[in-house]
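# Observations on the three-dimensional arrangement
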Amino acid sequence: VIHVYAFTVGSPRLPQTLGLDGADLDTVCFEELAAVVSRHDAPSTTDAREAAAAHGLVVESLSESTDAVLPVRYGETFADEAALLDALATNAPRLRRGLELVDGCVEIGVRVQSAARPAVATTGTDYLRARFDEVSQSARLAEQLAPIVRAWLVSPGGEAAFLVRSDRATSVLAAVDAFAGTHPEVAVTSTGPWAPYSFGGEAA
Amino acid sequence: VSVLEQPHRIEPVALVELVDRVLNKGVTLTGDIVLSVADVDLVYVGLRVLLASVATLDRLEEDTVA
């Protein structure tokens, strides 16, 4: 079985980090696209949470040394190299667009939570109003950050993801802090910089 | 050595965030996740990505550089 961690271009310098079950990392290439993988003879016996963490650490290490990295969701496995190459060929245009979009970028995650949101919603209306506030504040933050980010996404839960050039990560985090300072009605938490998990080329 | 037993690698909170991202985000090649209940497919609808248009992006980058 082949486990896939991320896609990149060319011949990436693979990180020292070991893959799932301590396996070595390798690449499978289709034209200029490279899939970072590990090969396994037997089904993994590792605890799922630990395996997911190992997967994430490979992606993060890779993105530290490589400009364009598209992280793959945990659990993408292929029976053999032929199956992976087939999937690469089918998805090549989408992966190329995704890699172009994230080139030189990291992701900053922002969670906005309404201070008015009750721990246990008393009524459906209260709950929805709090949710609405969270989503609208996330959208407002996205508008403010638009000039310094490459792309953004606001989920229905009010969670936002910003794709930013690596050298601007610090200023984007500072801008998020500034937003938090002027909007005491919401609790704003930022995380990152991360590898760009949310911008996988499904973009319209 | 277990990944989770390497505290110097990553903070516990960051680890939870990392696992959350790895499980819920990232590219999939095998298509959208489809949950089936009693033979009825409930298709997971992916989030739409809102993008600054390339033209806007280029203009903004030029403005920032200038």
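### Quick look at empty space enclosed by the protein
Overall, the coordinates contain 1 cavity of 30 Å³ or more when judged by the stated rule. Roughly 90 Å³ of internal volume is contained in the largest cavity. Lining the largest cavity are 13 residues, and of these A:Gly109, A:Val110, A:Arg111, A:Glu159 and A:Thr191 sit closest to its centre. Counting only elements with at least two residues in the lining of the largest cavity, the list comes to β6 (105-114), β8 (159-165) and β9 (186-194) of chain A together with α1 (12-24) of chain B. If one sorts the elements of the lining of the largest cavity by residue count, β6(A) sits on top with 4 residues. Taken together, the residues of the lining of the largest cavity sort by class into 3 nonpolar, 3 polar and 7 charged.

### Some words on the confidence of the model for chain B
Residue and element names in this part refer to chain B. Averaged over chain B, the pLDDT score is 54; the fraction of residues at 70 or greater is 26%. Per-residue pLDDT, averaged within each element of chain B, yields its smallest value for strand β3 (residues 50-51) (33) and its largest for α1 (80). Predicted confidence for residues 4-8 stays below pLDDT 50, and this span has 5 contacts to residues more than four positions away or in other chains. Predicted confidence is poor over residues 32-57, with pLDDT under 50, and the contacts of this stretch with residues over four places away or in other chains come to 35 contacts. Under the prediction, the complex receives an ipTM of 0.79, its pTM being 0.79.

### Topic: the environment of A:Ala42
Residue and element names in this part refer to chain A. In this fold, Ala42 is placed in the loop between β3 (33-39) and α1 (48-65). For Ala42, a relative accessible area of 48% puts it in the partly exposed group. A sequence separation of 148 residues divides Ala42 from Ser190, and the C-alpha atoms of the two residues are 39 Å apart.

### Notes on the packing of helix α3 (residues 124-145) of chain A against helix α4 (residues 169-182) of chain A
All names here are of chain A. One way to put it is that α3 packs onto α4 with a least axis distance of 11 Å and a crossing angle of 135°. Put simply, α3 runs oblique to α4. Handedness of the α3/α4 crossing: right-handed. Here α3 contributes Gln137, Arg140, Leu141, Gln144 and Leu145 to the contact with α4, which in turn contributes Val172, Ala175, Val176 and Phe179. Here the contact of α3 with α4 is built from residues that sort into 6 nonpolar, 2 polar and 1 charged.

### Describing the pattern of salt bridges
The final tally for this structure, using the stated rule, is 9 salt bridges over all chains. Here A:Arg96 and A:Glu31 are joined by a salt bridge, their closest N and O atoms 2.5 Å apart. Residue A:Arg96 is found in helix α2 (residues 81-102), and its partner A:Glu31 is found in the loop between β2 (26-30) and β3; the two are separated by 65 residues along the sequence. Taking the relative accessible area as the measure of exposure, A:Arg96 reaches 30% and is therefore partly exposed. When the shortest N-O distance is used, the salt bridge between A:Glu159 and A:Arg111 registers 4.0 Å. Pair noted here: A:Glu159 is in strand β8 and A:Arg111 is in strand β6, with a separation of 48 residues, a long-range link. Given a relative accessible area of 26%, A:Glu159 falls into the partly exposed group. Overall, A:Arg111 belongs to the partly exposed group, its relative accessible area being 32%. Among the charged side chains, a network of salt bridges with common partners joins A:Arg111, A:Glu159, B:Glu17 and B:Lys25.

The rules behind these values
- Numbering of residues starts from 1 in each chain and follows the order in which that chain's sequence is written.
- Chains carry letters and ligands carry numbers; both start at the beginning, A for chains and 1 for ligands, and go up in the order they are written.
- Reporting of local features is limited, given that this is a predicted model, to residues whose pLDDT is at least 70; pairs of side-chain atoms are given and counted only at 80 or more, and all residues count toward the totals for whole chains, interfaces and linings.
- The basis for every side-chain value is the complete set of non-hydrogen atoms in the structure, without hydrogens or water.
- The way it works is a 1 Å grid over only the protein atoms, where trapped points that fit a 1.4 Å probe form a cavity and open points with protein on both sides within 12 Å along at least five of seven lines form a pocket, and then any residue with an atom within 4 Å of a point lines it.
- Grid points are joined across faces, edges and corners, and a volume is the space filled by probe spheres set on the points.
- Secondary structure follows DSSP: runs of H or I at least 4 residues long count as helices, runs of E at least 2 residues long count as strands, and numbering of each begins at the N terminus.
- Residues are sorted three ways: Asp, Glu, Lys and Arg are charged, Ala, Val, Leu, Ile, Met, Phe, Trp, Tyr, Cys and Pro are nonpolar, and all the rest, Gly among them, are polar.
- Scored from 0 to 100, pLDDT records how confident the predictor is in each individual residue.
- Whether two residues are in contact is decided by their heavy atoms, any of which lying within 4.5 Å being enough.
- Relative accessibility under 20% of the residue-type maximum defines a buried residue, over 50% an exposed one, and the middle range a partly exposed one, all with a 1.4 Å probe and only protein chains included.
- Inter-axis angles, ranging from 0 to 180 degrees, are taken between N-to-C directions of lines fitted to C-alpha atoms, where helices are fitted over the stretch in contact.
- Oblique is the label for every angle not falling under 35 degrees (roughly parallel), over 145 degrees (roughly antiparallel), or within 65 to 115 degrees (roughly perpendicular).
- Handedness of a crossing is defined here by the sense of rotation of the near helix relative to the far one, left-handed for an anticlockwise turn of less than a right angle and right-handed for a clockwise turn.
- The working definition used for a salt bridge is a side-chain nitrogen of Lys or Arg within 4 Å of a carboxyl oxygen of Asp or Glu.

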